[in-house]
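Now for the letters of each chain:
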Amino acid sequence: MNAITFLGNSTMMIPSQCILRAFTRISPSKYIRDPSFRSYPSRFSSCVNQNKNPDSNRIIKPTNAVPFCTDKQSSVTTAQVVSEARSLSASTTCANDSTVDRIYTKNGLNVKPLDLKKLKGDEKDEEVINGDGKRVVGDGYEGIKSNETEEEAWRLLRDSVVTYCDSPVGTMAAKDPTDTMPSNYDQVFIRDFVPSALAFLLKGESEIVRNFLLHTLQLQSWEKTVDCYSPGQGLMPASFKVRTLPLEEEKFEEVLDPDFGEAAIGRVAPVDSGLWWIILLRAYGKITGDYSLQERIDVQTGIKMIANLCLADGFDMFPTLLVTDGSCMIDRRMGIHGHPLEIQALFYSALRSSREMITVNDSSKNIIKTISNRLSALSFHIRENYWVDKKKINEIYRYKTEEYSTDATNKFNIYPEQVSPWLMDWVPESSDCGFLIGNLQPAHMDFRFFTLGNLWSIISSLGTPKQNQAILNLIEEKWDDLVGHMPLKICYPALESSEWHIITGSDPKNTPWSYHNGGSWPTLLWQFTLACIKMGRPELAEKAVTLAEKRLQADRWPEYYDTRNGKFIGKQSRLYQTWTIAGFLTSKQLLQNPKIASSLFWEEDLELLETCVCVLTKAGRKKCSRAAAKSQILI
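Cut-offs applied
Residues numbered from 1 in each chain as written. Predicted model: local features only at pLDDT ≥ 70, side-chain atom pairs only at ≥ 80, totals over all residues. Heavy atoms only, no water. Phe/Tyr/Trp six-rings, centres within 6.5 Å; stacked < 30°, edge-to-face > 60°. Helix = DSSP H or I, 4+ residues; strand = E, 2+ residues; numbered from the N terminus. Buried < 20%, exposed > 50% of the residue type's maximum accessible area, 1.4 Å probe, protein only. Lys NZ or Arg CZ within 6 Å of the ring centre and 35° of its normal. Contact = heavy atoms within 4.5 Å. Pairing = 2+ DSSP bridges. Expected span 1.5 Å × (residues − 1). Core = buried A, V, L, I, M, F, W, Y, C linked by side-chain atoms within 4.5 Å.

### A word on the packing of aromatic side chains
Right, on to step 1. All told, the structure shown has 19 aromatic pairs when counted by the stated rule.
Right, on to step 2. Aromatic pair Trp-276 and Trp-456: ring centres 5.5 Å apart, planes at 80 degrees, arrangement edge-to-face. Of this pair, Trp-276 sits in helix H6 (residues 271-288) while Trp-456 sits in helix H13 (residues 451-460); the two residues are 180 residues apart in sequence, bridging distant segments of the chain.
Right, on to step 3. With relative accessibility at 4%, the residue Trp-276 sits in the buried group.
Right, on to step 4. Ring geometry for Trp-456 and Trp-602: centres 6.4 Å apart, planes at 55 degrees, overall tilted. Taken as a pair, Trp-456 in helix H13 and Trp-602 in the loop between helix H20 (594-597) and helix H21 (626-631) lie far apart in primary sequence, 146 residues in all.
Right, on to step 5. The rings of Trp-422, Trp-426, Phe-435, Phe-449, Tyr-492 and Trp-513 are connected pair by pair, giving a single aromatic cluster.
Right, on to step 6. A cation sits over an aromatic face here: Lys-543 above Trp-479, 4.4 Å from the ring centre.

### Here's the deal with the side chain of Asn-410
Right, on to step 1. With respect to the secondary-structure elements, Asn-410 resides in the loop between helix H11 (390-397) and helix H12 (421-426).
Right, on to step 2. The class of Asn-410 is buried, set by a relative accessible area of 3%.
Right, on to step 3. Excluding its chain neighbours within four sequence positions, the residues that come into contact with Asn-410 are Tyr-399, Lys-400, Thr-401 and Glu-403.

### Re the sheet that holds strand E7 (residues 239-246)
Right, on to step 1. Sheet architecture is open: three strands sit in the order E6-E7-E8, paired in antiparallel fashion. Sheet topology places strand E6 (188-189) and strand E8 (252-259) at the edges, where each strand pairs with a single neighbour.

### Remarks on helix H14 (residues 465-477)
Right, on to step 1. An ideal rise of 1.5 Å per residue puts 18 Å on 13 residues; H14 measures up with 18 Å between its terminal C-alpha atoms.
Right, on to step 2. Residues Gln-467, Asn-468, Ala-470, Ile-471, Leu-472, Leu-474 and Ile-475 constitute the buried set of H14.

### Points about unusual backbone geometry
Right, on to step 1. Going from Pro-487 to Leu-488, the amide bond is cis rather than trans, its omega being -5 degrees.
Right, on to step 2. You can see Leu-488 is positioned in the loop between helix H15 (479-482) and strand E14 (491-492).
Right, on to step 3. Of note, the bond from Tyr-492 into Pro-493 is cis; its omega dihedral lies within 30 degrees of zero at -5 degrees.
Right, on to step 4. With respect to the helices, strands and loops of the structure, Pro-493 is situated in the loop between E14 and helix H16 (497-504).
Right, on to step 5. Of note, the phi angle at Glu-250 is positive, near 60 degrees, even though the residue is not glycine.
Right, on to step 6. On the basis of relative accessible area, Glu-250 is assigned to the exposed category, the value being 83%.
Right, on to step 7. With phi around 50 degrees, Ser-497 is a residue other than glycine that occupies positive phi space.
Right, on to step 8. Relative to the helices and strands, Ser-497 resides in helix H16.

### Things to note about the nonpolar core
Right, on to step 1. Residues Leu-213, Trp-277, Trp-456, Ile-475 and Phe-528 are the most contacted members of the largest nonpolar core, which totals 153 residues.
Right, on to step 2. The dominant element in this core, judged by the number of residues it contributes, is H6, at ten residues.
Right, on to step 3. Those residues in contact with Leu-213 that sit more than four places away from it in its chain are Trp-277, Leu-280, Leu-281, Tyr-284 and Leu-293.

The following block contains the structure:
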């Protein structure tokens, strides 16, 4: 059943406070009365339904639309047909509308509408609101009492909430009352909101997360153009801002204004945004037990669009995702272009999430098979080629080069001179310590330790169980280097001297041991906590949380810390950074209720190790060593 037939049999009523907002190329002067918004000429136009007759079979254009608030009444039905893969509908409604879940298929997926009253009732299970110190009687938190730091953290987190049509839709990146020039830190970033979302979900407050997932889904299919070029369908925005525009007769309208990278420093596409969105969608279902959201036809389509964008065929010879520099948390030039570990670990997590959530039917069999094949190849590639310990480094140090053969040992033609002296001195002697390198491509290995990529390799089981334990062993062994005075280093070591000049372009913000170049980021704390709980090492996480708790409140919740040991607040660090606050709260909640953590990570999937998807034939070639990777699980 196609989208037109489906929408012809469904009606979605938009409340009186909302009308549709379209994303089209038109002259701004016709619609924008405030000159401060003329810097966004392609974003603002209106589509108002003046027809009073609620015709359920009527389709209103433009198709790419998001609601915003006004005093006019409207009753509309919308459709979006963006590709053959998306012959489904995308809902457009204010989140506080009781009709938000009326979309369902009659002949396809039988999606049960979500009972919003039940979700709102969940809040009654709690006695703690804004951290007032009372005992919590909600799910799994009995007997927990908030301390002063947690109370302030919850107050600040709630103060950072952004509303749209009177409903919460996210949290701004930072809310420093003394900051008169917030730049884009007053926007809602998909990446930054994840720890906030988890903090709210673990608290039993799911409305804001649900609203966020649905509204960002609607932004996914908006027309987006950078220098007369439009990126692929399925791209999620890096962030969005709720803007208020004036109308006639002292009325106003609220619009969601997304940034797909066209306003970002360096104009980089937010590759990780869609991956984080899928990961958060899975977490929402796991924690709340409400799977009806991911079963919605528009949400299913959104998952498939992101997956199709990431799985598109290209020239690359590897199963890893090829990206430009600055396309993830490290969003400035830091020499991570190619196949950075952070993107691969999030890619693997998003694919595993997608395989769990996509409804199995005739139309989805091909994409599920493609996802399974990619997961199998990706896990094998990362485990075999990204892993280093003392033994492996010594092997690389003795590599022969210029090997032309299908069974070459030095497959990527890595020159031994790339093994830096710092690495030889730094890597522990024990075979129980190791890590996954930061990047791999022909004739290049980036041996820096990137914390987020290694932590997500543990969380998603991208690494083998033995490798995952070895990563935590390394962090414990090198605690002073990777944690120091404030957890955790975003990468180690920092680029210095000529490397800093050449690789960063002499970036004044990424000076050695600052910001992305070896800075310490407290928001990594929740991911470290999750990885430790998974591997049965909660004491490591408790040690890091205790260390952070001593300083964060007194230091006013900085974005990052500088110096080799993270002793000083970053020279350009924003204060009251929301994901610092949320990361701390999420870590505390996970440690207080470690059982819930199991819903946020993945165990080893033996099925992925059963099938080899390589195309090597038996004629003059050897079979790949899939059995070798599988055998590591038993060690």
